[in-house]
Amino acid sequence: MIAYIVRRLFSTVVVMAVVAFVVFSLLYLTPGDPAAIIAGDIATDQDIQRIHMRLGLDDPFLVRFGRWVGSLAHGDLGTSIFTNLPVAQLIGQRVEPTLSLTLCTLVVSILVAVPLGVVAAAKAGTWLDRAVMSFSVFGFSMPVFVFAYILILTFAVQLDWLPVQGYTNFRDGVWEWLRHLILPSIALGTVYVALITRMTRASMLDVLAQDYIRTAEAKGLAPQQVLIGHALKNAAIPVMTIIGVGIALLISGAIVTETVFALPGIGRLTVDAILRRDYPIIQGVILIFSAVYVLVNLLVDLSYVLFDPRIRY
Amino acid sequence: MARTADIGAAPAAAPAAAPRSMSPTWRRFREAFRRHPTAILGAAILIAMIAIAIFAPWLGTVDPQAVSPAKRLRPPSGAFWLGTDMLGRDVYSRVVFGARVSLTVGLAVAALSTLLGLTIGLVTGYMRRVDAVVMRVMDGLMSIPSVLLAIALMALTKASIGNVIVAITLAEMPRVVRLVRSLVLSLREQTYVEAAIAAGTTLPRILVRHILPNIVAPLLVQGTYVCGSAMITEAILSFIGAGTPPNIPSWGNIMAEGRSLIQIASYLIVFPGICLSVTVLAVNLLGDGMRDALDPRLARRM
């Protein structure tokens, strides 16, 4: 077990090193001289030269990479070109809406998708199964922002039940906070629900064909007990895996969803940074999101022990 | 539609004359299409969309960039089938021309990433040394959510369709490499490959004659999914202002321009959105049909 965790941690470090290298290369390849940007419009060549010296911009690629990784280790993600504030601070200010949106979506999606998948598998071949599967194909094909606008037009503009856009802090009232998150979470969650439902159904169908399920039914257990206690528990590992991998969809989707619903989160920060060509922010965001993705999947891998006691790493 | 029927009819007419003309894979594709009418529907919609993109100038469109401030924000009518936008441009023409961008990007990314992925996957699957390094790089690239990676690459260069294609290809390719590599790793252990090696067949010949034919079909399925996902990514990039330049109408940037007008001119968002969703749905239906054809066992499950 310990050996496995160490090995798994090591491979995580390698992956993060590759991510850091890719992100740094992007920074290195960005057009324009950062020294000239920092120095401003009235700087002389000597000023720019001095900043080059101070920041070590003339050092070899690997030396600069090493120094950059060193500053990352100190929590320094660089400085925004546009606002001149530390990127870590800018991202920190925007964490709440993004975290609220993704966590809400994650929880609701799992609560909807897993039962849907179980029911579809239990009733395989019926109209219910076909309806669930058709929904999942549509979920995959409908881009987040298209569905988001359909929701806005229906529930905010036409029916006026929910706000069109905007965000309220959790501190300023849970109900208002939740009201502003309902439509964004539904829009963002649809693809994710489609993905998890498909995997739950497939995994359940595999397990339901096993001998021990027949045994469980034969000894007179209630169908629900067989489905939940025996089948779902054994079908959980692929479902957990897809929940972890699907985090990437949530992250990509959050950027778009925040744009559509004007949520002041990290996605919105990224989009503004693209329009202003504020590269350090873009790189910081990629680094953070990739780290989250890698860590979540590490935790998912380790959680397999909970579902299958036979796994002894 | 007619073409599908032709392909289906030809071997049936002369099954004995050309027994080797159709591989089992293709026969399975044909059967699956017969069993899955939705796959045929997908193919039909896709062909129609491609036709619309090619013949855009002759479909009652006007110059999609022609600005006429006097006719701003007209709702859909006989003169402007899908209304006009805030610069008085004809939305119908823009949506029809927008099909060109989506399909070009989707098909180009699918072709490029399968070709690149196939090449890299074949090499890494057969060379242990290269494999370790390349797969770590691919793992790293796959840990960056693909839309984010494409955004980062687009931020480096100026907005153009070519750059959009390159950026999305680089973001999609690692998954294709993984697929090809895993197929190669299992195929190289097959007895018939061992036999070929024992008979003294050279490596390039083994790859081309014995490995490649078994990869083509799954790669084709993967290619359709890449195509659908690339079209969505292109629309996302254009929608957030990091994709197709504003002087070329694409479904993503038409919607981006309508963003602030959602409450007064929702048609600016609804029509391109429907076109995008229907096209991606068509591609996915086609992909599902082909996947079921390849793996009948999977067909029941997924």
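Residues numbered from 1 in each chain as written. Chains lettered and ligands numbered in written order. Predicted model: local features only at pLDDT ≥ 70, side-chain atom pairs only at ≥ 80, totals over all residues.

A. Fine view of the overall build of chain A. From N to C terminus, chain A includes 14 helices and zero strands. Its C-alpha atoms put chain A at 85 × 55 × 35 Å along the principal axes. Counted over contacts in chain A with a minimum sequence separation of 6, partners at least 24 positions apart contribute 72%. (Helix = DSSP H or I, 4+ residues; strand = E, 2+ residues; numbered from the N terminus. Contact = placed C-beta atoms within 7 Å.)

B. Molecular detail of the overall build of chain B. From N to C terminus, chain B includes twelve helices and zero strands. Helices (α) and strands (β) of chain B occur, in sequence order from the N terminus, as α-α-α-α-α-α-α-α-α-α-α-α. The buried share of chain B, reckoned over its 302 residues, is 46%. Partitioning the intrachain contacts of chain B with sequence separation of at least 6 by distance along the chain shows that 69% fall at a separation of at least 24. (Buried ≥ 20, exposed ≤ 12 C-beta atoms within 10 Å, placed from the backbone.)

C. Fine view of unusual backbone geometry. All names here are of chain A. Positive phi outside glycine occurs at Asn84, with the angle close to 65°. Summarising the element assignment, Asn84 is placed in the loop between helix H4 (61–73) and helix H5 (87–93). By the C-beta count within 10 Å, which is 8 here, Asn84 ends up exposed. Here Ala262, not a glycine, exhibits a phi torsion of approximately 50°, which is positive. Mapping Ala262 onto the fold places it in the loop between helix H12 (247–261) and helix H13 (266–276). We classify Ala262 as partly exposed; it has 17 C-beta atoms within 10 Å.

D. Here's a closer look at the confidence of the model for chain A. For chain A, mean pLDDT is 84; residues scoring 70 or higher make up 94% of the total. When the elements of chain A are averaged for pLDDT, helix H2 (residues 34–39) of chain A gives the smallest value, 67, and helix H6 (residues 95–122) of chain A the largest, 91. (pLDDT = per-residue confidence, 0-100.)

E. Seen up close, the nonpolar core. In this structure, A:Ala148, A:Ile196, A:Ile282, B:Ala150 and B:Ile151 are the most contacted members of the largest nonpolar core, which totals 159 residues. The residues touching B:Ile151, leaving out its near neighbours within four places in the chain, are A:Thr270, A:Ile274, A:Ile282, B:Leu237 and B:Ala242. (Core = buried A, V, L, I, M, F, W, Y, C linked by C-beta atoms within 7 Å.)

F. Quick peek at the packing of helix H4 (residues 91–126) of chain B against helix H5 (residues 128–143) of chain B. Residue and element names in this part refer to chain B. Orientation of H4 relative to H5, taken along the N-to-C sense of each, is 130°, at an axis distance of 6 Å. Considered as vectors, H4 and H5 are oriented oblique to each other. Within the contact between the two elements, H4 uses Ile120, Val123 and Thr124 and H5 uses Val130, Asp131, Val134 and Met135. Taken together, the residues of the contact of H4 with H5 break down into five nonpolar, one polar and one charged. (Axes fitted to C-alpha atoms, helices over the stretch in contact; angles between N-to-C directions. Parallel < 35°, antiparallel > 145°, perpendicular 65-115°, else oblique. Nonpolar A, V, L, I, M, F, W, Y, C, P; charged D, E, K, R; others polar.)

G. Up close: the interface of chain B and chain A. Counting from both sides, the interface comprises 37 residues of chain B and, opposite them, 41 residues of chain A. Elements represented by at least two residues in the side of chain B that touches chain A include exactly H5, helix H6 (146–156), helix H9 (203–239) and helix H11 (267–294) of chain B. No other element matches H11(B), which puts nine residues into the side of chain B that touches chain A. Taken together, the residues of the side of chain B that touches chain A break down into 24 nonpolar, nine polar and four charged.

H. Summary view of helix H1 (residues 2–29) of chain A. Taking 1.5 Å as the rise per residue, H1(A) with 28 residues should run 40 Å; its terminal C-alpha atoms sit 40 Å apart, in good agreement. For H1(A), the full list of buried residues reads A:Val15, A:Val18, A:Val19, A:Val22 and A:Val23. The secondary structure elements touched by the buried residues of H1(A) are helix H14 (279–307) of chain A together with H5 of chain B. (Expected span 1.5 Å × (residues − 1).)

I. Spatial organisation of the environment of A:Ala209. Residues and elements named next belong to chain A. Structurally, Ala209 is set in the loop between helix H9 (174–208) and helix H10 (211–218). Owing to 9 C-beta atoms within 10 Å, Ala209 belongs among the exposed residues under this scheme. Placed 22 residues apart in sequence, Ala209 and Ala231 show a C-alpha to C-alpha distance of 9.7 Å.

J. Local environment of H9(B). All names here are of chain B. The terminal C-alpha atoms of H9, which comprises 37 residues, lie only 46 Å apart, well short of the 54 Å expected from a rise of 1.5 Å per residue. At Leu212, H9 shows its largest kink, close to 50°, and the proline Pro213 lies no more than four residues downstream. Looking one or two places after H9, you find Gly241, whose phi comes out positive at around 85°. (Bend = angle between axes of the 7 residues up to and from the residue.)

K. Structural view of the environment of B:Val123. Residues and elements named next belong to chain B. One can find Val123 in helix H4. Using a count of 17 C-beta atoms within 10 Å as the deciding quantity, one classes Val123 as partly exposed. Taking the C-alpha atoms as reference points, Val123 and Val137, separated by 14 residues in sequence, lie 15 Å from one another.

L. Structural detail: the packing of helix H8 (residues 144–158) of chain A against H12(A). All names here are of chain A. Direction vectors running N to C along H8 and H12 enclose 30°, while the axes themselves pass 9 Å from each other. Pair H8 / H12 crosses with right-handed handedness. Side by side, H8 and H12 meet where Val144, Phe145, Ala148 and Tyr149 of the first sit next to Gly253, Val256, Thr257, Val260 and Phe261 of the second. Looking at the contact of H8 with H12 residue by residue, the classes come out as seven nonpolar, two polar and no charged. (Left-handed = near helix turned anticlockwise from the far one by under 90°.)

M. How the structure looks around the confidence of the model for chain B. Residues and elements named next belong to chain B. Looking at chain B, pLDDT values average 80 and 85% of them are 70 or higher. Here helix H1 (residues 2–13) stands out as the least confident element of chain B, with mean pLDDT 37; H4 is the most confident, with 90. Throughout residues 1–19 the model reports pLDDT below 50, and contacts reaching past four residues in sequence, or to other chains, amount to nine contacts. Confidence estimates for the predicted assembly give a pTM of 0.83 and an ipTM of 0.83.

N. Representation of the environment of B:Ala56 in the model. All names here are of chain B. By secondary structure assignment, the location of Ala56 is in the loop between helix H3 (37–54) and H4. The class of Ala56 is partly exposed, set by 17 C-beta atoms lying within 10 Å. Placed 192 residues apart in sequence, Ala56 and Ile248 show a C-alpha to C-alpha distance of 14 Å. Discounting residues that sit within four places of it in the chain, Ala56 has contacts with Thr61, Val96, Phe97, Ala99 and Arg100.

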